[in-house]
Amino acid sequence: MPHLRASDELTLAYAQGRVTAFDRAWQLEVERHRAQGSSAAFLGADSVAWDSFARQCRLDDTARRCHEALDARTASWVGAYVDGVNDGLAAGAARDERFARTGLVPTPWEPWVPLSVWTATHVLFAGFATKLWRERVARALGDDAVTLFATDGPGTAGSNGWLVPGERTASGSAIIAGDPHRFIEDPGVYQQIRLSCPDYDVLGLAVPGVPGLGHFGHTGSAAWAITNAMADYQDLYAERLRPTADGAGVEALGPDGVWEPVHRHTETITVAGGEDVEVEVLETARGPVVVHADDARTGATDSAATAAGAAPTTAGQSLSLRYPPRVREDLGFAVLPALLRARTVGDIDRALDGWAEPVNVVHAADSAGGLLHRVAGAVPLRDRANRLRPVPAWDPRHAWQGGWAETPAEPVQGFAVMANARGIASPLGVEFAPPHRANRIRELLSGSADWSPKAMADVHADTHLASAEPLLALLPAFEGLTAAGEALRARLLAWDRHMAADSADATVFAAFRTATVRRFAADPVFADLAGAPPGPEVFHPWLYLVPRIGYALEGLLATPLLPGLDRAAHVRAALEETAAAGAPDTPWAEVHRLTPWSALPDPEAQWPGLGGDHDCVNATSSVPGFTDLTARASAARYVWDLGRREDSLWAVPLGADGVTGTPHHRDQLPLWARCELVPVVTDWTRLTKESI
């Protein structure tokens, strides 16, 4: 793990960039090219869908605009990091055979690339693609069903976090702990690092390619951590487009009834081993067009119907994306160096007043007993309908009102828990995670008043699956089951509801749940939601029916909105189907294995089996009805001790080095798989100096 010490802040930022490039040159270049929409040039045709989205969404251009708006001090700090990256890339690339294998040659980073990486990392974080799903649901099942599948779904980033004040700890000082849930990647999405100069000495988890420690850090006297607030702050607008009178351009119907000019140009995506792909980039006054409808390409409109007073519709329209960083030209990057300089909760709170993207719930504490539980980020004021689904761009009711919502804060009483559930951020969102993780963390924390950092590992590792209960509660009413069905029912009802790694009962439950989900998905009531998703491929994870049912199963078992769905019949049939197939005596970890994303997958890699599941505190998400494998889990685990920083603990899924086969590439993987954490090191005399 890099521990960096420098004579001043800018030299330290340079060192962070340089060591990151040396350790993770491949990762940095992949992320840069993905942000700029040029990754297909060395990764091939599979990357075209993302590159098209990145260009049409204008991610890199947004980052450039945000960089131009930075204050001089922050711009210099980001620039020092970029200088370090550029000075370290060649040496880092020489360590990694993937550059030679793909023919990728590192090129110097532009000054705004860290902002571009941040934008690309978080543009789908708030899940605006869920609005495309809700639109499909409303058309298929009616407007009342628009949030029928509401849940923390497969494309949504989430996290656990908890803050225990000093009166409930063994040391008398606060403890902050938790874990961000993201798609697990190789190399890992978080970098353990320490940054020290005369102005501060901070350790935490950095995003490779971005200076500082935006999400999780400990300055010695103060610490902070975040989770996804599940706020809704990105809007999709249905656009009516037509050619200009001279046929050379495109116009969009604006909210004042006037046809407005649309920015239009084309870009070319180079594809390794394939033909170049031309991408049309359109941007209306609302934002970049991210879904191009066929009628928009031909210029057909129904403006006459609108003029006649017909009710507006969003079906079959091109869709533009309006998102705060492009509107405000601000990502909140000035907050990053301010957090490093924080000494107290008050410092952290004041810094976060300037935060923008993404919108987070924050826990913070300091060694003097200060506590903080607040939301930070930019949420626009606009009509509530904007939060649910695409809205007509030509209707002035849906225009942003120019202001920004207040970010809530609450006092910490007893302890504070954040797990993406409805709570402090409720006024800012629509869909939140089920309450199971948050409730379970509260239950576990209530069991002791002398918490220590080491004891927090047990909370991280908890595998209780409360969301199983509504499905299992249907089983006692079934009569006339086969002998095998009776035996399976008895086994499931006797199960302890823990998705433990060594539990065969957990595997049996997962098989029963899968059968139930698939039977629900095959019901005629969902016929219009089945089949291949429409629209750009990048949005498809939000649009498949089976995962949507899998994650929303608990709600679908109880909703009155589907009177034609015979739930009991499907559950009973799934029970008999599972029983007839023979209940497996396979430990859950044998089928619930890690499957990380990698730009160049390693076919020889061996990944561990895991305990936990989507609604467990140990949130290793399978996709019920589709696969028991997990690609989304804790991207890091941390425990910040405000009494003695050296008693703090952390772990990441892989390791510090991004180069395959090196000693520190996957050295934390076995520990992480068992939910074990390792001590942070603060004593410089225990560190080994390495030159790069």
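Just so you know, these numbers come straight off a predicted model, no measurement behind them. (Residues numbered from 1 in each chain as written. Predicted model: local features only at pLDDT ≥ 70, side-chain atom pairs only at ≥ 80, totals over all residues. Heavy atoms only, no water.)

Caption draft 1: Layout of the overall build of the protein chain. Each helix and strand in the protein chain was counted, giving 22 helices and 23 strands. Relative to a compact globule of 692 residues, whose C-alpha radius of gyration would be 26 Å, the protein chain shows 25 Å and is just as compact. With the C-alpha coordinates aligned to their principal axes, the bounding extent of the protein chain is approximately 75 × 70 × 50 Å. Of all 692 residues assigned to the protein chain, the portion counted as buried reaches 61%. Pairs at least 24 residues apart make up 72% of the contacts formed inside the protein chain by residues separated by at least 6 positions. For the protein chain, the computed accessible surface area is about 25200 Å², with 52% contributed by carbon and sulfur atoms. For the protein chain, the distance from the average position of its 60 positive side-chain charges to the average position of its 86 negative side-chain charges is 2 Å. (Helix = DSSP H or I, 4+ residues; strand = E, 2+ residues; numbered from the N terminus. Rg over C-alpha atoms; globule rule 2.2 N^0.38 Å. Buried < 20%, exposed > 50% of the residue type's maximum accessible area, 1.4 Å probe, protein only. Contact = heavy atoms within 4.5 Å. Areas by Shrake-Rupley, 256 points an atom, 1.4 Å probe, with all protein chains shown as cover. Lys, Arg positive; Asp, Glu negative; His and termini not counted. Charge placed at Lys NZ, Arg CZ, Asp CG, Glu CD.)

Caption draft 2: Focus on helix α3 (residues 48–56). Across the nine residues of α3, eight count as buried, placing the element largely inside the fold. With its phi angle positive at about 60 degrees, R58 sits one or two positions after the end of α3.

Caption draft 3: How the structure looks around the sheet that holds strand β13 (residues 289–291). Read across the sheet, four strands follow the order β13-β14-β8-β17 without closing on themselves; strand pairing throughout is mixed. Among the strands making up the open sheet, the edge pair consists of β13 and β17 (391–392). In this structure, strand β8 (residues 235–239) lies alongside strand β14 (residues 318–322), joined through five bridges in antiparallel fashion. Bridging across to β14, E239 finds its partner in S318. (Pairing = 2+ DSSP bridges.)

Caption draft 4: Main features of the packing of aromatic side chains. Here the structure, examined in full by the defined rule, presents 15 aromatic pairs. Seen from their ring centres, W118 and W355 are 5.8 Å apart, and the 90 degrees between their planes marks the pair as edge-to-face. One end of the pair, W118, is in helix α7 (residues 113–122); the other, W355, is in the loop between α13 (345–352) and β15 (360–366), with 237 residues separating them in the sequence. W118 sits in the buried class, given a relative accessible area of 1%. Relative accessible area serves as the criterion here: at 6%, W355 is assigned to the buried category. Within the aromatic cluster, the residues linked to one another by ring pairs are Y190, F216, Y638, W640 and W650. One residue, R34, lies across the ring of W50, its end atom 4.5 Å from the ring centre. For R95, the ring lying beneath its charged end belongs to F22, and the centroid distance is 4.7 Å. (Phe/Tyr/Trp six-rings, centres within 6.5 Å; stacked < 30°, edge-to-face > 60°. Lys NZ or Arg CZ within 6 Å of the ring centre and 35° of its normal.)

Caption draft 5: Inspection of the layout of surface pockets at higher detail. Here the second largest pocket is characterised by a volume of approximately 1200 Å³. Lining the second largest pocket are 32 residues, and of these M1, P2, H3, T688 and E690 sit closest to its centre. Mapped onto the lining of the second largest pocket, the elements with two or more residues apiece are β1 (3–5), α1 (9–36) and β23 (678–679). Tallying contributions element by element places α1 first for the lining of the second largest pocket, with seven residues. Its residues assigned to classes, the lining of the second largest pocket shows 18 nonpolar, seven polar and seven charged. (1 Å grid on protein atoms, 1.4 Å probe; cavity = no way out; pocket = protein on both sides within 12 Å on 5 of 7 lines; lining within 4 Å. Points joined across faces, edges and corners; volume = space filled by probe spheres on them. Nonpolar A, V, L, I, M, F, W, Y, C, P; charged D, E, K, R; others polar.)

Caption draft 6: Spotlight on helix α17 (residues 483–494). Its twelve residues give α17 an end-to-end C-alpha distance of 17 Å, which sits within 8% of 16 Å, the value for a rise of 1.5 Å per residue. Of all the residues in α17, the buried ones are G485, L488, R489 and L492. Taken around the axis of α17, the buried residues stretch over an arc of 105 degrees, which confines them to a single face. For α17, exposure combined with an orientation more than 90 degrees from the buried face picks out A483 and A494. (Expected span 1.5 Å × (residues − 1). Arc of directions from axis to C-beta.)

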